[in-house]
Amino acid sequence: MKTLLLLALLAAPNAFAGQYNAIMNIGDALPAFENLPATDGSSVSSKDITEDVLVVVMLANHCPWVKGMDQDLVKLVDQFKGQSVRVVGLAVNLREDDRLPAMKVHGEKVGYNFTYVFDESQDLGRALGATRTPEYFVFDKERKLTYMGLLYDSPAKMNKSGEVRHINGEPKTFYAADAITATLDGKAVEQAETRAHGCSVKYTE
Amino acid sequence: MKKLLITGLLALCLLTQNLLSQTAWAEDANDSVPLKTVTLSEWEAVLKSHQGEIVVVDFWATWCISCLERFPHMVTMSERYQSKKVRFISMLLEDPEEPEAIALAHQFLNKQFLNKQLKGKNGLAFDHYSMNENLMKSFEVLDLLGIPAVFIYNKGQLTHRLTGDNPNKQFTDKDIEEAILALLKSS
């Protein structure tokens with residue numbers, strides 16, 4: 001009750017499509033994308049992705065909240081290895097340290113085991129309503145959105161010394177993994193939206 | 001005896017050095033920009049205490065590069081509107097369990113206000129607070145998706161909520177100034 005009162009005083013209501021997303025809502029279709037350059041030299045189009053589940057993860061090399069969860073993202077990809085799941089990392093920030101050359105260096109350094117693409121037009125990020133990094137979007141076989149938000153309930157930040165600290169201690173609820181499992185099974189995702197926590201994505205005017 | 005004298009001299013040197021360093025620290029502390037730690041309910045009280053003013057709140061953190069890039073513009077803006085009695089407030093959103101990040105933020109603030117007359121309690125046009133709550137709780141209660149974000153209050157009401165929540169409606173310094181000018185015009 002007290003929290004609700006605080007909310008009323010400190011903030012104003014938002015007219016969003018989703019609970020925490022101005023553009024996308026659960027059930028919305030994947031915005032089509034074409035020929036996005038990847039760090040491995042390939043280019044990726046949405047029509048070429050055939051797996052049953054597609055996970056798009058908003059990333060930014062410079063972001064301490066991305067660096068903090070990098071290894072857990074790698075583990076997530078490993079967790080679903082051999083299953084019909086495709087993970088695509090997406091970067092849209094236009095700062096030099098977030099662009100393709102830096103993405104290649106970062107991906108190799110931290111051992112990214114998934115396709116990592118750059119969208120210079122920022123169109124895909126805009127169409128997803130993606131405003132933070134990291135932010136997870138899970139799509140089913142029909143490419144309808146089944147989950148968006150956090151990886152888990154305790155975002156982690158890497159400090160200047162390279163130490164990683166989870167803000168709520170060890171994660172207990174693994175929203176993205178649960179969403180992928182449910183989507184693979186053709187079931188509704190129990191918690192379909194969470195408030196992603198991290199660095200803001202910078203879009204051009 | 002000679003050994004005792006040397007030991008005594010050494011001890012005196014160390015004591016003097018210690019006192020000197022303490023004095024330097026005290027001077028630094030006096031010059032330091034005040035950064036007050038608050039809880040969410042105390043923050044509510046802070047906003048209430050400025051109900052008669054136009055209040056511009058800049059949410060920021062050291063982990064937010066866009067916030068650091070925007071901050072000097074907020075300082076310049078606060079100088080521009082000081083005579084118009086517009087109060088600027090920065091709200092730092094760091095993990096309270098990471099004191100080194102808060103110390104780094106304080107250093108950043110001190111650099112921003114170096115040689116600025118805005119510094120100090122009397123006649124301060126820019127107040128600085130640090131939220132002492134779990135970060136996720138703060139974002140939830142403040143209804144923030146991300147930072148930088150600027151909230152503008154007039155007569156205790158939130159009149160402008162400038163955020164990056166919508167990729168197609170990002171805010172600029174110009175939007176902040178236009179909001180302030182509109183409020184000044186209407187008051």
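The structure contained in this document is the topic of the report that follows. Residue numbering note: each chain is counted from 1, following its sequence as written. Each chain gets a letter, beginning with A, and each ligand a number, beginning with 1, in the order they are written. Note on the predicted model: pLDDT of at least 70 is required for a residue's local features to be given, and 80 or more for side-chain atom pairs to be given and counted; whole-chain, interface and lining totals, by contrast, use all residues. Each side-chain value is derived from all of the structure's non-hydrogen atoms; neither hydrogens nor water enter the calculation.

1. A closer look at the overall build of chain A
No. 1: The helix and strand tally for chain A stands at 5 helices and 11 strands.
No. 2: Relative accessible area decides the class of each residue, using a 1.4 Å probe on protein chains only: under 20% of the type maximum gives buried, over 50% gives exposed, and in between gives partly exposed. Across the 205 residues in chain A, those meeting the buried criterion constitute 57%.
No. 3: Contacts: residue pairs with any heavy atoms within 4.5 Å of one another. At a minimum sequence separation of 6, the contacts of chain A that also span at least 24 residues come to 76%.
No. 4: Residue-level accessible areas treat just the shown protein chains as cover; the underlying method is Shrake-Rupley with a 1.4 Å probe. A total of about 9100 Å² of accessible surface is found on chain A, and carbon and sulfur atoms cover 51% of it. By definition, any uninterrupted DSSP run of H or I lasting at least four residues is a helix, any uninterrupted run of E lasting at least two residues is a strand, and each is numbered from the N terminus.

2. A short note on the interface of chain A and chain B
No. 1: Contacts between the two partners involve 42 residues from chain A and, on the opposite side, 39 residues from chain B.
No. 2: Carbon and sulfur atoms make up 58% of the surface buried where chain A meets chain B, a total of about 3500 Å² over both sides.
No. 3: For salt bridges, the criterion is a side-chain nitrogen of Lys or Arg within 4 Å of an Asp or Glu carboxyl oxygen. For the interface between chain A and chain B, the tally reads 4 salt bridges.
No. 4: In this structure, Arg195 of chain A engages Asp143 of chain B in a salt bridge whose closest nitrogen and oxygen atoms are separated by 3.7 Å.
No. 5: Here a polar contact is recorded for every N or O atom pair within 3.5 Å, except that within protein the pair must consist of a potential hydrogen donor and a potential acceptor, and residues adjacent in sequence are included only if both atoms are side-chain atoms. Seen at the junction of chain A and chain B, the total is 8 residue pairs in polar contact (both at pLDDT 80 or more).
No. 6: Breaking the side of chain A that touches chain B down by element, the ones donating at least two residues are α1 (2–10), α2 (64–79), α4 (123–128) and β11 (199–200) of chain A.
No. 7: Ranked by the residues each element gives to the side of chain A that touches chain B, the list is headed by α1 of chain A, at 6 residues.
No. 8: Looking at the side of chain A that touches chain B, its residues break down into 20 nonpolar, 11 polar and 11 charged. Accessible surface is computed with a 1.4 Å probe, and the buried area is the amount of it that two parts give up when combined, taken over both parts together. Under the scheme applied, nonpolar residues are Ala, Val, Leu, Ile, Met, Phe, Trp, Tyr, Cys and Pro; charged residues are Asp, Glu, Lys and Arg; polar residues are all the others, including Gly.

3. Things to note about the packing of aromatic side chains
Residues and elements named next belong to chain B.
No. 1: Here the aromatic set is Phe, Tyr and Trp, taking the six-membered ring for Trp, and pairing holds for ring centres within 6.5 Å; pairs whose planes are under 30 degrees apart are stacked, those over 60 apart are edge-to-face, and all others are tilted. Under the definition given, this model contains 14 aromatic pairs over all chains.
No. 2: Aromatic pair Phe71 and Phe108: ring centres 5.6 Å apart, planes at 85 degrees, arrangement edge-to-face. Residue Phe71 is found in helix α3 (residues 65–80), and its partner Phe108 is found in helix α4 (residues 99–112); the two are separated by 37 residues along the sequence.
No. 3: The buried category is assigned to Phe71, whose relative accessible area is 0%.
No. 4: Seen from their ring centres, Phe113 and Phe126 are 5.5 Å apart, and the 85 degrees between their planes marks the pair as edge-to-face.

4. Brief notes about α3 of chain B
Residue and element names in this part refer to chain B.
No. 1: Taking 1.5 Å of rise per residue, 16 residues should cover 22 Å, and α3 covers 24 Å from first to last C-alpha, within 8% of that figure.
No. 2: If you look at α3, its biggest bend is around 30 degrees, right at Phe71, and the proline Pro72 turns up within four residues after that.
No. 3: Residues of α3 that are buried include every one of Ser66, Cys67, Arg70, Phe71, Met74, Val75, Met77 and Ser78, and no others.
No. 4: Buried-residue contacts for α3 involve β2 (54–60), β3 (86–92), α4, β4 (126–131), β5 (149–154) and α6 (173–186). A helix is expected to reach a length of 1.5 Å times the quantity of its residues less one. The seven residues ending at a residue and the seven starting there each receive a fitted axis; the angle between those axes is the bend at that residue.

5. Comments concerning the sheet that holds strand β1 (residues 36–38) of chain B
Residues and elements named next belong to chain B.
No. 1: Pairing in this open sheet of 6 strands is mixed, and the strands run β1-β4-β3-β2-β5-β6 from one edge to the other. The sheet is open, and its two edges are formed by β1 and β6 (157–162), each paired on a single side. Between one strand and the next, the sheet's axes are offset by a mean angle of 25 degrees, whatever the strand orientation.
No. 2: Packing of α3 onto the sheet brings it into contact with β2, β3, β4 and β5, and relative to β2 it is tilted by some 160 degrees. Two strands qualify as a pair provided that DSSP identifies no fewer than 2 bridges between them. Between the N-to-C directions of two axes lies an angle of 0 to 180 degrees, each axis being a line fitted to C-alpha atoms and, for a helix, fitted only over the stretch in contact.

6. Considerations on the environment of Gly107 of chain A
Residues and elements named next belong to chain A.
No. 1: Within the secondary structure, Gly107 sits in helix α3 (residues 100–110).
No. 2: On the basis of relative accessibility, which here comes to 12%, the residue Gly107 falls in the buried class.
No. 3: Residues Gly107 and Asp40, 67 residues apart in the sequence, show an inter-C-alpha distance of 9.7 Å.

7. A closer look at the sheet that holds strand β3 (residues 53–58) of chain A
All names here are of chain A.
No. 1: Read from one edge to the other, the open sheet built from 5 strands follows the order β5-β4-β3-β7-β8, with strand pairing classed as mixed. Among the strands making up the open sheet, the edge pair consists of β5 (115–118) and β8 (145–149). Going from strand to strand, the sheet's axes swing by 20 degrees on average, the running direction of each strand aside.
No. 2: Of the strands in this sheet, β3, β4 (85–91), β7 (135–139) and β8 touch helix α5 (residues 175–184), which is tilted by about 5 degrees from β7.

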